[in-house]
Amino acid sequence: PLLTTLKDDPTGKIRFSPMDTITPNRKVKLFVEGRSDALILEHAFMTLTGGRSPYWNVKMATSNGETGSSAEVTNAIEAAINYKDEYSFIIGLYDHDAAGLKEFCRLKNNYDEIEKRCVKQRKDSNIFIMCLPIPAEMIQYEQEKQEFNFFEIEHYFGYEYLKQKNMIKEREILANVFEIKDNKKIQFANDVCKETDITVFRYFVDLFKKIDRITGVDIDYLIN
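What comes next is a walk through the structure. Because the structure is a prediction, the values reported are computed rather than measured. (Residues numbered from 1 in each chain as written. Predicted model: local features only at pLDDT ≥ 70, side-chain atom pairs only at ≥ 80, totals over all residues. Heavy atoms only, no water.)

For the rest of this paragraph, the subject is unusual backbone geometry. Positive phi, close to 75°, is recorded for Asn-110, a residue that is not glycine. The residue Asn-110 is located in the loop between helix H4 (98–106) and strand E5 (111–115) in this model. Its relative accessible area of 42% is what places Asn-110 among the partly exposed residues. A positive phi angle, near 55°, is found at Arg-117, a position not held by glycine. Inspection of the secondary structure puts Arg-117 in the loop between E5 and strand E6 (119–122). Owing to a relative accessible area of 15%, Arg-117 belongs among the buried residues under this scheme. (Helix = DSSP H or I, 4+ residues; strand = E, 2+ residues; numbered from the N terminus. Buried < 20%, exposed > 50% of the residue type's maximum accessible area, 1.4 Å probe, protein only.)

Right, here's the structure in full:
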(Lines give C-alpha, C1' and ligand atoms only; values in the text may rest on other atoms or scores of the structure.)
Protein backbone atom coordinates (compact mmCIF):
# COMPACT_ATOMS: atom_id res chain seq x y z
CA PRO A 1 0.00 0.00 0.00
CA LEU A 2 1.06 3.57 -0.62
CA LEU A 3 1.11 4.51 3.08
CA THR A 4 3.33 1.52 3.92
CA THR A 5 5.69 2.39 1.08
CA LEU A 6 5.99 5.96 2.28
CA LYS A 7 6.67 4.89 5.86
CA ASP A 8 9.43 2.49 4.83
CA ASP A 9 11.08 4.84 2.34
CA PRO A 10 14.48 6.00 3.71
CA THR A 11 14.00 9.37 2.01
CA GLY A 12 11.61 10.07 4.85
CA LYS A 13 14.65 10.69 7.00
CA ILE A 14 15.33 13.96 5.20
CA ARG A 15 11.70 15.01 4.61
CA PHE A 16 11.10 18.61 5.73
CA SER A 17 14.82 19.10 6.40
CA PRO A 18 17.04 21.64 4.57
CA MET A 19 18.15 18.68 2.39
CA ASP A 20 14.61 18.17 1.14
CA THR A 21 14.74 19.59 -2.39
CA ILE A 22 12.72 16.96 -4.27
CA THR A 23 9.08 18.07 -3.88
CA PRO A 24 6.05 18.04 -6.16
CA ASN A 25 5.27 21.26 -7.97
CA ARG A 26 2.31 22.27 -5.81
CA LYS A 27 0.85 25.73 -6.18
CA VAL A 28 -0.40 26.03 -2.59
CA LYS A 29 2.25 26.66 0.05
CA LEU A 30 1.78 26.29 3.81
CA PHE A 31 4.21 27.62 6.41
CA VAL A 32 4.05 26.02 9.87
CA GLU A 33 5.86 26.58 13.15
CA GLY A 34 7.72 23.29 13.46
CA ARG A 35 9.10 20.31 11.57
CA SER A 36 6.85 17.97 13.56
CA ASP A 37 3.83 20.04 12.46
CA ALA A 38 4.73 19.52 8.82
CA LEU A 39 5.20 15.78 9.25
CA ILE A 40 1.90 15.37 11.07
CA LEU A 41 -0.14 17.47 8.64
CA GLU A 42 1.08 15.68 5.54
CA HIS A 43 0.51 12.23 7.02
CA ALA A 44 -2.89 13.18 8.42
CA PHE A 45 -4.03 14.38 4.98
CA MET A 46 -2.79 11.21 3.27
CA THR A 47 -4.49 9.00 5.85
CA LEU A 48 -7.79 10.87 5.60
CA THR A 49 -7.78 10.68 1.79
CA GLY A 50 -6.69 7.05 1.41
CA GLY A 51 -3.11 7.82 0.46
CA ARG A 52 -3.60 10.88 -1.74
CA SER A 53 -0.64 13.26 -1.78
CA PRO A 54 -1.56 16.74 -0.46
CA TYR A 55 -2.26 19.39 -3.08
CA TRP A 56 -0.31 21.80 -0.85
CA ASN A 57 3.36 21.90 0.01
CA VAL A 58 4.00 22.31 3.74
CA LYS A 59 7.24 23.69 5.12
CA MET A 60 8.54 24.75 8.51
CA ALA A 61 9.17 28.49 8.62
CA THR A 62 12.78 28.87 9.71
CA SER A 63 15.76 31.17 9.43
CA ASN A 64 18.40 28.69 10.57
CA GLY A 65 17.17 25.47 8.97
CA GLU A 66 16.77 23.79 12.35
CA THR A 67 13.97 25.41 14.32
CA GLY A 68 10.79 27.35 13.65
CA SER A 69 8.31 29.46 15.61
CA SER A 70 5.26 31.66 15.26
CA ALA A 71 7.56 34.64 14.68
CA GLU A 72 9.27 32.73 11.86
CA VAL A 73 5.88 32.09 10.25
CA THR A 74 5.29 35.84 10.30
CA ASN A 75 8.70 36.46 8.74
CA ALA A 76 8.00 33.92 6.01
CA ILE A 77 4.56 35.36 5.26
CA GLU A 78 5.84 38.93 5.13
CA ALA A 79 8.60 37.86 2.74
CA ALA A 80 6.10 35.94 0.60
CA ILE A 81 4.85 39.15 -0.99
CA ASN A 82 8.04 39.08 -3.07
CA TYR A 83 7.08 35.83 -4.80
CA LYS A 84 3.30 35.68 -4.36
CA ASP A 85 2.67 35.30 -8.08
CA GLU A 86 4.54 31.98 -8.08
CA TYR A 87 1.74 30.36 -6.05
CA SER A 88 -2.02 30.21 -6.22
CA PHE A 89 -2.16 30.57 -2.43
CA ILE A 90 0.31 31.03 0.41
CA ILE A 91 -0.91 30.33 3.94
CA GLY A 92 0.87 30.89 7.24
CA LEU A 93 -0.43 28.56 9.94
CA TYR A 94 -0.13 29.53 13.61
CA ASP A 95 -0.85 27.50 16.71
CA HIS A 96 -3.91 28.77 18.56
CA ASP A 97 -1.79 29.64 21.58
CA ALA A 98 -0.57 32.88 23.15
CA ALA A 99 2.42 33.19 20.81
CA GLY A 100 0.46 32.32 17.67
CA LEU A 101 -2.39 34.69 18.50
CA LYS A 102 0.09 37.44 19.24
CA GLU A 103 1.60 37.13 15.76
CA PHE A 104 -1.84 36.78 14.14
CA CYS A 105 -3.04 39.97 15.83
CA ARG A 106 0.22 41.82 15.13
CA LEU A 107 -0.26 41.43 11.38
CA LYS A 108 -3.05 43.95 10.87
CA ASN A 109 -1.69 46.55 8.46
CA ASN A 110 -2.49 45.43 4.91
CA TYR A 111 -4.63 42.55 6.20
CA ASP A 112 -8.40 42.02 6.29
CA GLU A 113 -9.79 39.76 9.01
CA ILE A 114 -12.01 37.18 7.31
CA GLU A 115 -12.80 35.16 10.43
CA LYS A 116 -12.23 36.51 13.94
CA ARG A 117 -9.02 35.22 15.53
CA CYS A 118 -8.76 32.61 12.80
CA VAL A 119 -8.27 33.84 9.20
CA LYS A 120 -6.82 37.00 7.65
CA GLN A 121 -6.04 37.82 4.04
CA ARG A 122 -3.43 40.24 2.82
CA LYS A 123 -5.11 42.98 0.81
CA ASP A 124 -5.10 42.40 -2.95
CA SER A 125 -3.12 39.20 -2.52
CA ASN A 126 -3.31 35.42 -2.38
CA ILE A 127 -1.54 35.42 0.99
CA PHE A 128 -3.42 34.27 4.11
CA ILE A 129 -2.66 33.69 7.78
CA MET A 130 -4.62 31.29 9.94
CA CYS A 131 -4.74 30.27 13.59
CA LEU A 132 -5.56 26.60 14.07
CA PRO A 133 -9.36 26.20 14.20
CA ILE A 134 -10.43 24.51 17.44
CA PRO A 135 -12.92 21.64 17.08
CA ALA A 136 -16.24 22.04 18.89
CA GLU A 137 -15.35 19.05 21.07
CA MET A 138 -12.33 20.96 22.39
CA ILE A 139 -13.90 24.39 22.77
CA GLN A 140 -12.40 24.73 26.27
CA TYR A 141 -9.08 25.52 24.52
CA GLU A 142 -10.54 28.71 23.03
CA GLN A 143 -10.12 31.36 25.70
CA GLU A 144 -10.84 35.07 25.47
CA LYS A 145 -7.60 36.06 27.20
CA GLN A 146 -4.69 35.54 24.85
CA GLU A 147 -2.33 34.17 27.50
CA PHE A 148 -4.74 31.35 28.39
CA ASN A 149 -4.67 29.78 24.91
CA PHE A 150 -2.57 26.64 24.52
CA PHE A 151 -3.91 24.80 21.45
CA GLU A 152 -1.25 23.23 19.19
CA ILE A 153 -1.43 20.80 16.27
CA GLU A 154 -0.90 17.84 18.59
CA HIS A 155 -4.12 18.67 20.42
CA TYR A 156 -6.07 17.48 17.36
CA PHE A 157 -5.36 13.92 18.51
CA GLY A 158 -7.50 14.38 21.60
CA TYR A 159 -6.77 13.93 25.27
CA GLU A 160 -6.95 10.12 25.50
CA TYR A 161 -4.58 9.51 22.58
CA LEU A 162 -2.09 12.10 23.84
CA LYS A 163 -2.28 10.69 27.36
CA GLN A 164 -1.58 7.22 26.02
CA LYS A 165 1.47 8.53 24.17
CA ASN A 166 2.71 10.46 27.25
CA MET A 167 2.49 13.73 25.34
CA ILE A 168 0.70 15.99 27.82
CA LYS A 169 2.06 17.74 30.86
CA GLU A 170 0.45 16.53 34.07
CA ARG A 171 -0.50 19.95 35.38
CA GLU A 172 -3.97 21.05 34.29
CA ILE A 173 -3.81 24.70 33.17
CA LEU A 174 -7.57 25.25 33.16
CA ALA A 175 -10.48 22.82 33.29
CA ASN A 176 -9.59 20.06 30.78
CA VAL A 177 -6.82 22.21 29.25
CA PHE A 178 -3.35 20.69 29.04
CA GLU A 179 -0.04 21.64 27.46
CA ILE A 180 2.01 19.48 25.08
CA LYS A 181 5.48 18.20 25.99
CA ASP A 182 7.74 20.09 23.58
CA ASN A 183 10.72 17.73 23.94
CA LYS A 184 8.70 14.77 22.64
CA LYS A 185 7.21 16.38 19.53
CA ILE A 186 9.56 14.94 16.89
CA GLN A 187 9.40 11.40 18.26
CA PHE A 188 5.63 11.70 18.53
CA ALA A 189 5.39 12.88 14.91
CA ASN A 190 7.55 9.98 13.74
CA ASP A 191 5.33 7.53 15.63
CA VAL A 192 2.15 9.12 14.30
CA CYS A 193 3.42 8.72 10.75
CA LYS A 194 3.08 4.95 11.26
CA GLU A 195 -0.59 5.34 12.17
CA THR A 196 -3.14 4.32 9.53
CA ASP A 197 -6.39 4.43 11.54
CA ILE A 198 -8.40 7.30 10.04
CA THR A 199 -10.29 7.89 13.30
CA VAL A 200 -7.04 8.98 14.96
CA PHE A 201 -6.97 11.96 12.58
CA ARG A 202 -10.69 12.82 12.62
CA TYR A 203 -10.24 16.27 14.17
CA PHE A 204 -7.82 17.34 11.44
CA VAL A 205 -10.72 17.50 9.00
CA ASP A 206 -11.79 20.84 10.53
CA LEU A 207 -8.41 22.33 9.67
CA PHE A 208 -8.16 20.80 6.21
CA LYS A 209 -11.65 21.92 5.22
CA LYS A 210 -10.83 25.48 6.23
CA ILE A 211 -7.72 25.36 4.04
CA ASP A 212 -9.85 23.88 1.24
CA ARG A 213 -12.34 26.75 1.51
CA ILE A 214 -9.54 29.27 1.12
CA THR A 215 -8.08 27.49 -1.89
CA GLY A 216 -11.38 26.48 -3.47
CA VAL A 217 -10.35 22.82 -3.64
CA ASP A 218 -12.98 20.13 -3.05
CA ILE A 219 -11.63 17.10 -1.20
CA ASP A 220 -13.60 13.99 -0.20
CA TYR A 221 -12.27 12.95 3.19
CA LEU A 222 -12.88 9.42 4.46
CA ILE A 223 -14.33 10.78 7.69
CA ASN A 224 -16.31 13.93 8.51
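Next up on the list: helix H3 (residues 70–79). All buried positions along H3 are accounted for by Ser-70, Glu-72, Val-73, Thr-74, Ala-76 and Ile-77. If you follow the buried residues of H3, they end up packed against strand E1 (28–32), strand E3 (89–94), H4, E5 and strand E7 (127–131). (Contact = heavy atoms within 4.5 Å.)

Within the element layout of this structure, His-96 appears in strand E4 (residues 96–97). A relative accessible area of 3% means that His-96 is categorised as buried. From its side chain, His-96 meets the backbone oxygen of Leu-132 in a polar contact 3.3 Å long. Setting aside chain neighbours within four positions, we find His-96 in contact with Leu-101, Arg-117, Cys-131, Leu-132, Ile-134, Glu-142, Asn-149, Phe-150 and Phe-151. (Polar contact = N/O pair within 3.5 Å; in protein donor to acceptor, adjacent residues only side chain to side chain.)

Turning next to the pattern of salt bridges. Tallied over the entire structure, the rule returns eight salt bridges. Here Glu-78 and Arg-122 are joined by a salt bridge, their closest N and O atoms 3.1 Å apart. Here the residue Glu-78 occupies a position in helix H3, and Arg-122 occupies one in strand E6, the gap between them amounting to 44 residues. Its salt-bridge partner being Glu-115, residue Lys-210 comes within 3.0 Å of it at the nearest N-O pair. Taken together, the positions of Lys-210 in helix H7 (residues 204–215) and Glu-115 in strand E5 put the pair 95 residues apart, joining distant regions of the chain. Each member of the salt-bridge network shares a partner with another, and the members are Glu-152, Asp-182 and Lys-185. (Salt bridge = Lys/Arg side-chain N within 4 Å of Asp/Glu carboxyl O.)

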